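# A look at the structure
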2 protein chains.
Amino acid sequence: MKQTWRWFGPNDPVTLQDIRQAGATGIVTALHDLPNGVVWPREAIAERKKMIEEAGLVWSVVESIPIHEDIKLQRGDWRQLIANWAQSMRNLAAEGVTNICYNFMPVIDWTRTDLAWALPNGARCLRFDQDRFVAFDLFILKREGAEADYSPEDVAAGRKAFETMSDEEKDQLVRNIIAGLPGSEESYTIEQFAAQIALYDDIDQDRLRAHLADFLNGVLPVADEVGATMAIHPDDPPRSMFGLPRIVSTIEDMRALRAINDSPANGFTLCSGSYGVREGNDLVAMIEEFADVIHFFHLRATKRDGNSFYEADHFGGDVDMVEVIRAFKALEDRLGRSLPFRPDHGHQILDDLTRRSNPGYPAIGRLKGLAELRGAMLALGATVE
Amino acid sequence: MKQTWRWFGPNDPVTLQDIRQAGATGIVTALHDLPNGVVWPREAIAERKKMIEEAGLVWSVVESIPIHEDIKLQRGDWRQLIANWAQSMRNLAAEGVTNICYNFMPVIDWTRTDLAWALPNGARCLRFDQDRFVAFDLFILKREGAEADYSPEDVAAGRKAFETMSDEEKDQLVRNIIAGLPGSEESYTIEQFAAQIALYDDIDQDRLRAHLADFLNGVLPVADEVGATMAIHPDDPPRSMFGLPRIVSTIEDMRALRAINDSPANGFTLCSGSYGVREGNDLVAMIEEFADVIHFFHLRATKRDGNSFYEADHFGGDVDMVEVIRAFKALEDRLGRSLPFRPDHGHQILDDLTRRSNPGYPAIGRLKGLAELRGAMLALGATVE
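Residues numbered from 1 in each chain as written. Chains lettered and ligands numbered in written order. Predicted model: local features only at pLDDT ≥ 70, side-chain atom pairs only at ≥ 80, totals over all residues. Heavy atoms only, no water.

## Points about helix H7 (residues 167-178) of chain B
All names here are of chain B.
- Over its 12 residues, H7 runs 17 Å from end to end, which matches the ideal 16 Å to within 8%, given 1.5 Å per residue.
- Along H7, the residues classified as buried are Lys170, Leu173, Val174, Asn176, Ile177 and Ile178. Mapping the buried residues of H7 onto a view down its axis gives an arc of 165 degrees, with all of them on the same face.
- Residues of H7 that are buried in the fold lie against strand S5 (114-118), helix H5 (130-140), helix H6 (152-164) and helix H8 (190-198).
- Taken from the residues just after H7, Gly180 is the one with a positive phi, measuring 95 degrees. (Helix = DSSP H or I, 4+ residues; strand = E, 2+ residues; numbered from the N terminus. Expected span 1.5 Å × (residues − 1). Buried < 20%, exposed > 50% of the residue type's maximum accessible area, 1.4 Å probe, protein only. Arc of directions from axis to C-beta. Contact = heavy atoms within 4.5 Å.)

Right, here's the structure in full:
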């Protein structure tokens, strides 16, 4: 098990030295400064890699090469954009960086309503509040037909949440949902957001999956050729949002992805936090079934509360993290090789509370999560690098 | 297993809120502001306890009620000092604080030559350097007859260390060794230190053990009466220093302690860091043999380098921490009750490097150690409170 850490590049307030001291040996990053859709130049990749290696670390995983909306929509230059994506992968592989994480969520990436929710011990965490989300969808975004997506109870609770929020809270909610969380590929105004959603009016799950198939069948031959792997990240949360199609939320979705193309490169990021939000998801069963094609683990835990959830301590959520790690170890033992994982998200604790950091990505909270994971892995007899 | 944390009281730069966020539920502390030898007033105990409880924590362990030098020397008012110690324990028990850690090291408590030794990742740690220690003993303290305590190689290396240290480094070395590390009971000048050591000229291990027996036989009846336990901390490092007798360094020493008085209150702090410095010490065997009378665990790891050692990551030292935790769990399963442990020491990492903290007791480094321990404990199926 390779201990890795998401780093947002030279502007990340968490430094490479911090990361080494937290105990990670590998870096998960992307060329976040490049616009979505362009080819990543080999020189820029080499430069970033050098920076990481000079700090005594290795670039383990790319998260992510973003998938342009036009690929998901199959409009405009989508074929060229697929070719560009494949070329970025080729350039990365030429520099020895071959583990690529990506996602195929339309319009929005991960979604939270609260970025600094107070816990009883004074820590702050991310939270998805269903009432606030409904309030945004129905009464701020005013999406047409949205009400049909919710139960009458949800609608009533959403209305109440809207009515009791201050203007400032509403502004903050809008920013949290559509202004782009770290790692997100897009950022919108309300009007842009509504327009972007409308583009998917005719795209249901099957059609989105067909678009994903065209993308995969376009890039997987290159992955196979250059020895890269592709690890799709699940939807977060793993269900439809704003009526948009989502196709990586369940074990059936995972099977459908594998049915598209049986290349061993066509695999998964096993994100225990995202999959874990959905009550019916059996994480251990997923790991066992897809052992050969899980290329990367995101380890975190969420705690459900109806349709709401918050980011719990790594061993304090609904998912049985010890069993997840046990399955991860069995997978490595069977394959005879080591896979990267990263602690995901983390509470803001101690100096995190007064230092700047990206939402969900504070230094000390993640250090705590990584240390808990490391201890459990060592206790279970795993090789921890 | 109860997660506790050493806190040096209201002046500790690490706050009770920090400690909660690190995940500890219990506090290990003492009335550090009171002079050695006085009775701890019940009101002062109650006040400190209230402060801890108002922060959502409990006062789990007293570390330490100091043992006055005159008790170890049996001089002056030593009988009164023993009575005072017993009265402090009685007052603590009256407030419900019954787990008492103490030590019986003459003159010096724990000893390190370097308090901020640089590790390759930029972290800082505690280190005991044998060459510097010999340099101090032979060429700064100039202790009579000291040379006989060391091998010719040690003497030569100590001389070389002395000759290559700057005056500033020498001053720092003196401060590190005799000016009192946190939790130490005394602080000396060179002259005071030499004079204090000389008081032990006629006290060998047997005589010191006899003095310990008089102390224990004086206070254990009170412990039994009020339901308190006494957990002696091992010598740190576990060997004679400055020719002084040390009597809590090995499993034979532990047996000798138990032979003094068979009260179940007459027990141990199993400090994996201190005992672990001595190559022949088998920590698991100690835990198994003294399972019934280990009242408190200090969990940390040291890495030996000849007679030198440094404080390693909690799972990166010579001791097999996973096996220690496994034995700890077996002990709890057998006894059917939960015992407190604390992560001990910690590297200075991240904001620790720029914030004030007591040597060995930085917030984030200890948080990391506690998190690693917690993860391992959960993975081994322990109940972690």
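## Focus: the pairing of strand S4 (residues 99-102) of chain B
Residue and element names in this part refer to chain B.
- The alternating pattern of S4 places Asn99 and Cys101 on one face and Ile100 and Tyr102 on the opposite face, and all of these are buried.
- One ladder, built from two bridges, connects strand S3 (residues 58-63) with S4; its direction is parallel. Looking at S4, one finds that Glu63 is bridged to Cys101.
- Sheet topology note: the S4/strand S7 (residues 229-232) ladder contains four bridges and is parallel. Within S7, the residue paired with Cys101 across the bridge is Ala231. (Pairing = 2+ DSSP bridges.)

## Some details on the interface of chain B and chain A
- Taken residue by residue, the interface counts 30 residues in chain B and 30 residues in chain A.
- A combined buried area of about 2,500 Å² lies between chain B and chain A, and 61% of that area is made up of carbon and sulfur atoms.
- Of all residues in chain B, Gln21, Asn121 and Leu350 of chain B give up the largest surface area on contact with chain A, accounting jointly for 26% of the area buried on that side.
- Remark: the boundary between chain B and chain A carries four salt bridges.
- A salt bridge links Glu372 of chain B to Arg374 of chain A, with the shortest nitrogen-to-oxygen separation between them at 2.5 Å.
- Looking at the side of chain B that touches chain A, the elements with two or more residues in it are helix H1 (16-22), helix H13 (321-335) and helix H14 (363-379) of chain B.
- With 11 residues, H14 of chain B is the single largest residue contributor to the side of chain B that touches chain A. (Buried area = accessible area lost by both parts, 1.4 Å probe. Salt bridge = Lys/Arg side-chain N within 4 Å of Asp/Glu carboxyl O.)

## A short note on the relation of the copies chain B and chain A
- In the superposition of chain B on chain A (RMSD 0.0 Å, axial shift 0.0 Å), the rotation amounts to 180 degrees. Read as a symmetry element, the transformation amounts to a two-fold axis.
- By residue overlap, the copies meet face to face through one surface: 100% of the interface positions of chain B are interface positions in chain A. (Least-squares fit on C-alpha atoms with pLDDT ≥ 70 in both.)

## A closer look at the pairing of strand S11 (residues 308-311) of chain B
All names here are of chain B.
- Judged from the two bridges that link them, strand S6 (residues 124-128) and S11 form a sheet pairing that is antiparallel. Note on S11: the bridge partner recorded for Arg127 is Tyr310.
- Taken together, the four bridges between strand S10 (residues 302-305) and S11 define a ladder with antiparallel strand orientation. Each residue of the ladder has a partner; that of Arg304, found in S11, is Phe309.
- Connecting S10 to the antiparallel partner S11 that follows it, the hairpin turn spans two residues, and Gly306 within it adopts a positive phi of roughly 65 degrees.

## Details of the domain arrangement of chain A
Residue and element names in this part refer to chain A.
- In terms of domains, chain A is made up of domain 1 (2-105 + 202-379) and domain 2 (114-196).
- For domain 1 and domain 2, the distance between their C-alpha centroids amounts to 24 Å.
- With 30 residues of domain 1 in contact, the opposing surface of domain 2 contributes 29 residues.
- Of the roughly 2,200 Å² buried between domain 1 and domain 2, counting both surfaces, carbon and sulfur atoms make up 61%.
- Applying the counting rule to domain 1 against domain 2 returns zero salt bridges. (Domains from an automatic or database assignment.)

## A short note on the confidence of the model for chain A
- Averaged over chain A, the pLDDT score is 96; the fraction of residues at 70 or greater is 100%.
- Reported for the predicted complex are a pTM of 0.96 and an ipTM of 0.95. (pLDDT = per-residue confidence, 0-100.)

## Looking at the side chain of Arg258 of chain B
All names here are of chain B.
- Note on placement: Arg258 falls in helix H10 (residues 251-260).
- As a buried residue without a salt bridge, Arg258 has its nearest oppositely charged side chain in Asp262, at a separation of 5.9 Å.
- Contacts of Arg258, omitting those with residues within four sequence positions, involve Ser263, Pro264, Asn266, Phe268, Phe290 and Val293. (Lys, Arg positive; Asp, Glu negative; His and termini not counted.)

## Section: the sheet that holds strand S4 (residues 99-102) of chain A
Residue and element names in this part refer to chain A.
- The strand order around the closed barrel built from eight strands is S1-S2-S3-S4-S7-S8-S9-S12, with neighbouring strands paired in parallel fashion. Ignoring strand direction, the axes of neighbouring strands in this sheet form an average angle of 30 degrees.
- The sheet contact formed by strand S2 (residues 26-29) and strand S3 (residues 58-63) spans four bridges and is parallel. Looking at S3, one finds that Gly26 is bridged to Val58.
- Along the sheet face, helix H2 (residues 42-54) touches S2 and S3 and points at about 130 degrees away from the line of S3.
- Of the strands in this sheet, S4, strand S7 (229-232) and strand S8 (266-271) are in contact with helix H9 (residues 205-226), which crosses S7 at around 150 degrees. (Axes fitted to C-alpha atoms, helices over the stretch in contact; angles between N-to-C directions.)

## Looking at the packing of helix H13 (residues 321-335) of chain A against helix H14 (residues 363-379) of chain A
Residue and element names in this part refer to chain A.
- At a closest axis distance of 10 Å, the pairing of H13 and H14 adopts a crossing angle of 55 degrees. Between H13 and H14, the angle is such that the two are oblique. The two elements H13 and H14 cross, and the hand of that crossing is right-handed. Facing H13, whose interface residues are Met321, Ile325 and Phe328, H14 presents Leu373, Ala376 and Met377.
- Split into classes, the residues belonging to the contact of H13 with H14 amount to six nonpolar, no polar and no charged. (Parallel < 35°, antiparallel > 145°, perpendicular 65-115°, else oblique. Left-handed = near helix turned anticlockwise from the far one by under 90°. Nonpolar A, V, L, I, M, F, W, Y, C, P; charged D, E, K, R; others polar.)

## A closer look at the packing of aromatic side chains
- For the structure on display, the rule yields 36 aromatic pairs over all chains.
- Aromatic pair Trp117 of chain B and Tyr310 of chain B: ring centres 5.4 Å apart, planes at 45 degrees, arrangement tilted. Taken together, the residues span a long stretch of sequence, with Trp117 of chain B in strand S5 and Tyr310 of chain B in strand S11 at a distance of 193 residues.
- The exposure class of Trp117 of chain B is partly exposed, given its relative accessible area of 30%.
- According to the relative accessible area criterion, Tyr310 of chain B is partly exposed, its value standing at 22%.
- Among the aromatic residues, those joined into a cluster by ring pairs are Phe128, Phe133, Phe136, Tyr188, Phe193, Phe242 and Phe309 of chain A.
- Against the face of Phe162 of chain A rests Lys170 of chain A, its NZ or CZ located 4.0 Å from the ring centre.
- Above the plane of the ring of Trp117 of chain B lies Arg127 of chain B, whose end atom (NZ or CZ) is 4.4 Å from the centre. (Phe/Tyr/Trp six-rings, centres within 6.5 Å; stacked < 30°, edge-to-face > 60°. Lys NZ or Arg CZ within 6 Å of the ring centre and 35° of its normal.)

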